Structures are given as structure tokens and as C-alpha cells.
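One-letter residues, chain by chain:
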Amino acid sequence: MGDVLGIGLSHYPMFSMADPFMSGLLKYTLADPDIPAEAKVPGNWPAAMQAEWSDDEGKAAAARHRAELEVGFRKARAAIDAFKPDVIVVWGDDQYENFQEDIIPPFCVLGYEDLSIQPWHHVPAPLVGKPNAWGEDDDVWRTVRGAPEFAKDLVAAVIDDDFDLAYAYKPLHHDALPHAFLNAVTYLDLDRTGFDYPIVSFQVNCYGRSVIRHHGSLSRFADKNKPFDPPAPSPKRCFDLGASVARAARASDKRVCLLASSSWSHAFLTDKTWRLYPDTPSDRDLYDKLVAGDLPAWRTTPKDQIEEAGQQEVLNWFCLAGAMNELGARLVWSEFVETHVFNSNKVTAIYEPVVG
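What comes next concerns the included structure. (Residues numbered from 1 in each chain as written. Predicted model: local features only at pLDDT ≥ 70, side-chain atom pairs only at ≥ 80, totals over all residues. Heavy atoms only, no water.)

1. Thoughts on empty space enclosed by the protein
Definition in use: Cavity: a set of points on a 1 Å grid over the protein atoms alone where a 1.4 Å probe fits but cannot get out. Pocket: an open set with protein on both sides within 12 Å along at least five of seven lines, its lining residues, like those of a cavity, having an atom within 4 Å of a point. Grid points are joined across faces, edges and corners, and a volume is the space filled by probe spheres set on the points. Ten residue types, Ala, Val, Leu, Ile, Met, Phe, Trp, Tyr, Cys and Pro, are classed as nonpolar, four, Asp, Glu, Lys and Arg, as charged, and the remainder, Gly among them, as polar.
Applying the stated criterion across every chain, the model contains seven cavities of 30 Å³ or more. If you add up the space inside the largest cavity, you get close to 100 Å³. Residue lining of the largest cavity: Pro13, Ser16, Pro119, Trp120, His122, Val123, Pro124, Leu127, His179, Leu182, Asn183 and Thr186, and that is the complete set. Here the residues of the lining of the largest cavity sort into seven nonpolar, five polar and no charged. Size it by volume and the second largest cavity reaches roughly 50 Å³. Along the walls of the second largest cavity sit Leu110, Tyr112, Glu113, Leu115, Val144, Arg145, Gly146, Leu177, Ile199, Val200 and Ser201, which together make up its complete lining.

Next comes the structure, spelled out in C-alpha cells:
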């Protein structure tokens, strides 16, 4: 019987950049000509947002935000090191990176071999050419270990559990790992001590109705009326998938870490805030249920509610919630890092390992 550890964290791309660039997504939004001018005036923003923005466009607040996030990353890394997993299964979204017009699977297990990656050659477009937070050279390489045999066994077990899955043994359009997976590894190796745990990347089509029309990323407000793509898997479906993966992990002979990689409500997906700041009340509602252990309430969350709140990427966490609910795992530590200026609220969560 396998042992299982549950972890949730953020893969926020701007964290990888130096502090002056961390508010770059808000600056992009402020340049959108179709957002009303009065909405862009700092004096009309929530007080907490004005305080973060201050007179330096968020530079000082970025350092504080970074310090808060680092606490969670280090705690998550310590929990992983103490658990000593044989493999880490990472639920993450693909934002028009590996999957494009030729195929958009709802879920896909990437059963890759070891990959040698130049991480700073694969940053999202707004970050190209900007200095990273570690001062690393653009040509630095890192190896991300794979676990193709475990990936095959996982897919077989979940299919046998009547949950159809796609899988791939090599990249399609992206010769590395999409940033949801690569950033998780990068941030768990915050202190650059090395990260030698094998990874199985588990893609979730979180962006659904906007994955092709907006290339799974930034858009201008005027683009909101472009034709929609088919929807993402529902919160219920993601929750049930997580439960199936948890059963497969327990039926294995491995020590398996199940990890959700994403921030929560994203400002650039939240039309009701003019894409300036995230939907914190909706995030707090989910977080309160997480802390209370009311994970079945997550399963009944309507998909439309997720989209309205800009919480599309939280579908990765719905997979984790389903897994932890299936295992009866206990949440032992979590932190909600709130922000208005830095695009998304961020949560780190650590569950007590289920063993024996």
C-alpha cells in the first residue's frame, strides 16, 4: 500500500522576477484602453490596494509579498523532504504551451523521461528579458527528473477506475515543461539546494472556454466577446479525478506526493473588478471551507461561479481537494496570502501524510 502526502502551492510567474517587475500584470491592465479611466485611478481603488501600490507602483510591497510566499514554499519543501516521496504528481494547467489548436485534452498525464531545461528561455512573454530573482544567467540549465513507468501505471489504474485519461510520452509544442509544473519545481528549490524528486506532470485544461481564444493567458477587455471555446472540466469532475488518483496512489507500492500548482482568483480573469484585482471574497469562501475540512462543499461549486471569480486555475486544487477528501487526510498547515496588486491571492497548504 502506498503512502500519500498532499501539498498545494502557487506557481505565480511574477515571483520569479525581481521585485520591480512583480506588479507587471497590473501595469498591463492599466494600459488597456477599454477599461474606464475612472477605474484606473488609484484613489478609486480599495484602500488595501492603494496601500500596496503606494508611491512606488508596488515595489516595496513586492518585497513583503515575496517574503510571505517564501514561508509557504520553504514549509512545503520541508514537508516533502521529510516525507521523501518516490514521485511527485503535479496538477497544473497548460496555458497554450504544450497543447494548442491541434488538441486540447481535458486531462493529460505527461509521462516524460528526465528533461534538461533552460528555465529562463521559457518564461511568459511579459517577462522575457527581465532579470530573474536569483540573478541566474539566461543559459542556466536544470534537470527535472521524470517517472514514466509510474505515469503509465497511474494512467492504467485511473482508466480501470472508469475515468478516461489522455497521456503523452514526449512534448508536443513545448520542449520543456509548461510553467505550472516548472515553476513549482523552481520555487520548491527556492534556496537552490537541488530538487531530485521525479515528477509526473498532470495537465488540467483549466482555461477551458478561453484556452484558444486568448491563448490561455492575457487579453484586452475588448476581447471578451470573442467566440468561446468548449468549457473546462467541472469542479465536480476535477474533484472526482483527484479521488481516483488518490486511490491509485494508495494501491501502489510508492510514496507519492500529490501536489496542486496554482494561485487562486486571477485579476486578469476577473471582469467584475475590471481585471485590476482578484475576487478575494470568493477565494476566502473556498479557503474557509478548506480549513474547516468541508471538502465535499468544494465538489458542489458551480463551474460558472469559478469562471466569474477568475478562479479557473483553482481547478488544479479541486483535484487535490478530491484526493485529500478520499483519503481523509488532515490539513496541518496553510496560509492565505492576500493581495490586490500582484494579480492573485495565493495559498499554500500541507496535509498530514496518509501512511500504512
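2. Side note on the packing of aromatic side chains
To describe a pair of aromatic rings, you give the distance between the ring centres and the angle between the ring planes. Rules: Geometry of aromatic contacts follows a simple scheme: Phe, Tyr and Trp rings, the Trp one being its six-membered ring, pair when their centres are within 6.5 Å, and the pair is stacked under 30 degrees between planes, edge-to-face over 60, tilted otherwise. Put simply, DSSP marks the helices as runs of H or I at least four residues long and the strands as runs of E at least two long, and each gets a number from the N terminus on. Relative accessibility under 20% of the residue-type maximum defines a buried residue, over 50% an exposed one, and the middle range a partly exposed one, all with a 1.4 Å probe and only protein chains included.
A full pass over the atoms with the stated rule returns 18 aromatic pairs. Judged by centre distance (5.2 Å) and plane angle (80°), the rings of tryptophan 264 and tryptophan 317 are edge-to-face. Placement of tryptophan 264 in the loop between β8 (255-261) and α7 (280-292) and of tryptophan 317 in helix α10 (residues 315-327) is noted, with a sequence separation of 53 residues between them. Looking at tryptophan 264, the relative accessible area reads 0%, which means it is buried.

3. Focus: helix α4 (residues 148-160)
Helical periodicity: at 3.6 residues per turn, an α-helix aligns residues three or four positions apart in one direction. Here is the rule: Between the first and last residue of a helix there are one fewer steps than residues, each counted as 1.5 Å, and that sum is the expected span. As used here, the arc is the angular range of directions from the helix axis to the C-beta atoms. Residues count as neighbours in contact if any of their non-hydrogen atoms are within 4.5 Å of one another.
The terminal C-alpha atoms of α4, which comprises 13 residues, lie 18 Å apart, in line with the 18 Å expected from a rise of 1.5 Å per residue. When α4 is considered as a whole, its buried residues turn out to be Pro148, Phe150, Ala151, Leu154, Val155 and Val158. Along α4, the residues classed as buried sweep out an arc of 155° about the axis, all on the same side. Relative to its buried face, α4 has exposed residues pointing more than 90 degrees away, namely Glu149, Asp153 and Asp160. Contact partners of the buried residues in α4: β2 (87-93), β3 (107-110), β6 (166-168), β7 (199-204), α6 (235-251) and β8. Just beyond α4, the residue with positive phi is aspartate 162, at close to 70°.

4. Section: the packing of α6 against α10
This is how it is decided: Comment: axis = line fitted to C-alpha atoms, over the contacting stretch for helices; angle = value between 0 and 180 degrees taken between N-to-C directions. Here the word oblique covers every angle except those under 35 degrees (roughly parallel), over 145 (roughly antiparallel) and from 65 to 115 (roughly perpendicular). Should the near helix be turned anticlockwise from the far one by less than a right angle, the crossing is termed left-handed; should it be turned clockwise, right-handed.
Where α6 meets α10, the closest approach of the two axes is 6 Å, and the angle between their N-to-C directions is 50°. Overall, the two elements α6 and α10 adopt an arrangement that is oblique. Judged by the twist between their axes, the crossing of α6 over α10 is right-handed. Residues Pro235, Cys238, Phe239, Leu241, Gly242, Ala243, Ala246, Arg247 and Arg250 of α6 pack against Leu315, Phe318, Cys319, Ala321, Gly322, Ala323, Asn325, Glu326 and Leu327 of α10.

5. So, the pattern of salt bridges
How we decide: Any Lys or Arg side-chain nitrogen located within 4 Å of an Asp or Glu carboxyl oxygen qualifies as a salt bridge.
According to the stated counting rule, one finds 20 salt bridges in the structure shown. Aspartate 81 serves as the salt-bridge partner of arginine 77, at 2.9 Å between the closest nitrogen and oxygen. Taken as a pair, arginine 77 and aspartate 81 lie in helix α3 (residues 59-83) at a separation of four residues, close to a single helical turn. Accessibility expressed as a relative area gives 29% for aspartate 81, which makes it partly exposed. Ionic pairing is found between arginine 145 and aspartate 196, a salt bridge with its closest N-O pair at 3.4 Å. Placement of arginine 145 in the loop between β5 (142-144) and α4 and of aspartate 196 in the loop between α5 (179-188) and β7 is noted, with a sequence separation of 51 residues between them.

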